Amino acid sequence: VTRAERVRVRERRASDTRAVRAVARATWRATYERLVPARFIRAVLRGGYDRRRLAEGLLQARRDAFVAQCGDEVVGYADVIEEPPGRVELTRIYVRPDRQGTGVGAALLHACVAAARRRRAVALEVGVEPANERAIAWYRRRGFLPNGTSSLVVGSQSRPLSRLSLPLPV
Ligand SMILES: CC(C)(COP(=O)(O)OP(=O)(O)OC[C@H]1O[C@@H](n2cnc3c(N)ncnc32)[C@H](O)[C@@H]1OP(=O)(O)O)[C@@H](O)C(=O)NCCC(=O)NCCS
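### Re the pattern of salt bridges
Between side chains of opposite charge, a pair can form as their charged atoms come close. The tally for this structure, following the rule as stated, stands at 14 salt bridges. Arg12 is the partner of Asp79 in a salt bridge, and the nearest nitrogen-oxygen pair spans 3.5 Å. With a gap of 67 residues between them, Asp79 in strand E3 (residues 73-82) and Arg12 in the loop between strand E1 (7-11) and helix H1 (17-32) connect regions that are remote in the sequence. For Arg12, a relative accessible area of 6% gives the class buried. When the shortest N-O distance is used, the salt bridge between Arg92 and Asp79 registers 3.4 Å. In this pair, Arg92 sits in strand E4 (residues 88-95) while Asp79 sits in strand E3, placing the two residues 13 residues apart along the sequence. Judged by its relative accessible area of 14%, Arg92 is buried. Through salt bridges with shared partners, a single network forms among Arg12, Arg63, Asp79 and Arg92.

Written out as C-alpha cells, the structure is:
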C-alpha cells in the first residue's frame, strides 16, 4: 500500500480548523517564501485562515470545502466558491509539502470538479501566483487553460494572479 492509496477526501468540518491552519502555515511558507513578500504571506495566513473565518466559511451555501486525510491526519485542503451563481472558482488547494506528489492534490481536485459539476458550472476557474510555475504546470497537465489575469487583494496589499480555467463539458 502506497501513501497515495490511503488518502481520503471528505467535507471539511469545524473540528478540522486547527489542522487546516497548521497545513496552511507550513504550505504557504514552503510554496511562496521565495516568490511572494513575507508580509503578504502573513496577511493571508492571518486573514484568510483566521479561526472564526474558517469556521464561518462552512456555513456558506455557496462554498464547498474539503480536506484530504491520510490515516487520522489532515494533509491537505481545498475550497470552491460559487459566485455569481453558475460560476465556480477553486479558491485554495494546498497539500502539506511532505505529502506533495503522492496524489493528494489529484484527489482534492477530483472532489472540487465534482462539486463544480453538481453546481452545474461550465468551467472551474482558478487564480494562481504567476511565479508559482509548479502549480501552473500541474493545472495545465490536468486540462486547465490560460484565462487572463486578475489580482488578489488582501487588506492594503495586492498581487497579480494568472487565471486558468478547466472546461467542464456536460
Ligand atoms: C499543487 C498541489 C496542490 C498538487 O498536489 P500534489 O498532491 O502535490 O499533486 P499530485 O500528487 O496529485 O500530482 C502529482 C504531480 O504533481 C507534481 N508535483 C510534485 N510536487 C509538486 C509541487 N510542490 N507543486 C506542484 N506540483 C508538484 C508531480 O511532478 C506530479 O506531476 P504529474 O502532473 O506529472 O502527475 C500541491 O503540490 C501543492 O499544495 N503545492 C503547493 C501549494 C500550491 O501551489 N497550491 C496551488 C495554489 S493555486
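### Digging into a positive patch on the surface
Judged by side-chain charge, Arg18, Arg25, Arg29, Arg39, Arg42, Arg46 and Arg51 come together as a positively charged surface patch. Of all the elements in the fold, those that place two or more residues in the positive patch are H1 and helix H2 (38-47). Mapping Arg18 onto the fold places it in helix H1. Assessed through its relative accessible area of 73%, Arg18 is described here as exposed.

### With respect to the pairing of strand E6 (residues 145-154)
Bridging between E6 and strand E7 (residues 157-167) involves 8 bridges; their strand directions are antiparallel. Looking across to E7, one finds that Pro146 is bridged to Leu164. Between E6 and E7, which pair antiparallel in sequence order, lie 2 residues; one of them, Gly155, sits at a positive phi of approximately 60°.

### Focus on the packing of H1 against H2
Packing of H1 against H2 leaves a shortest axis separation of 11 Å and a crossing angle of 160°. Between H1 and H2, the angle is such that the two are roughly antiparallel. Crossing handedness for the pair H1 and H2: right-handed. Every residue of H2 that contacts H1 at Ala24, Arg25, Trp28, Arg29 and Tyr32 is listed here: Ile41, Val44 and Leu45.

### Some details on the environment of Asp64
By the element assignment, Asp64 lies in strand E2 (residues 63-70). In this structure the C-alpha to C-alpha distance between Asp64 and Ile81, which are 17 residues apart in sequence, comes to 6.5 Å. In this structure, Asp64 is in contact with Ala78, Asp79, Val80, Ala115 and Arg119, ignoring residues within four places of it in sequence. Within the local environment of Asp64, its side chain forms a polar contact with the side chain of Arg119, the two groups lying 2.7 Å apart.

### Some points on the site of the ligand
Around the ligand, the structure places 19 residues, and the nearest of them are Gln100, Gly101, Gly103, Gly105 and Arg141. Contacts to the ligand include Arg134, whose side-chain N or O atom sits 2.9 Å from a nitrogen atom. In this structure, Arg142 approaches the ligand through a side-chain N or O atom, which is 2.9 Å from an oxygen atom. A total of 850 Å² of accessible area belongs to the ligand in isolation, and the protein chains cover 80% of it. Of all the elements in the fold, those that place two or more residues in the shell around the ligand are H1, E4, helix H4 (104-118) and helix H5 (133-141). Across the shell around the ligand, the residue classes break down as 9 nonpolar, 7 polar and 3 charged.

Rules of the game
Residues numbered from 1 in each chain as written. Predicted model: local features only at pLDDT ≥ 70, side-chain atom pairs only at ≥ 80, totals over all residues. Heavy atoms only, no water. Salt bridge = Lys/Arg side-chain N within 4 Å of Asp/Glu carboxyl O. Helix = DSSP H or I, 4+ residues; strand = E, 2+ residues; numbered from the N terminus. Buried < 20%, exposed > 50% of the residue type's maximum accessible area, 1.4 Å probe, protein only. Patch = residues over 30% accessible without salt bridge, like charges linked within 9 Å, V, L, I, M, F, W, Y side chains within 5 Å. Areas by Shrake-Rupley, 256 points an atom, 1.4 Å probe, with all protein chains shown as cover. Lys, Arg positive; Asp, Glu negative; His and termini not counted. Charge placed at Lys NZ, Arg CZ, Asp CG, Glu CD. Pairing = 2+ DSSP bridges. Axes fitted to C-alpha atoms, helices over the stretch in contact; angles between N-to-C directions. Parallel < 35°, antiparallel > 145°, perpendicular 65-115°, else oblique. Left-handed = near helix turned anticlockwise from the far one by under 90°. Contact = heavy atoms within 4.5 Å. Polar contact = N/O pair within 3.5 Å; in protein donor to acceptor, adjacent residues only side chain to side chain. Near = heavy atom within 4 Å. Nonpolar A, V, L, I, M, F, W, Y, C, P; charged D, E, K, R; others polar.

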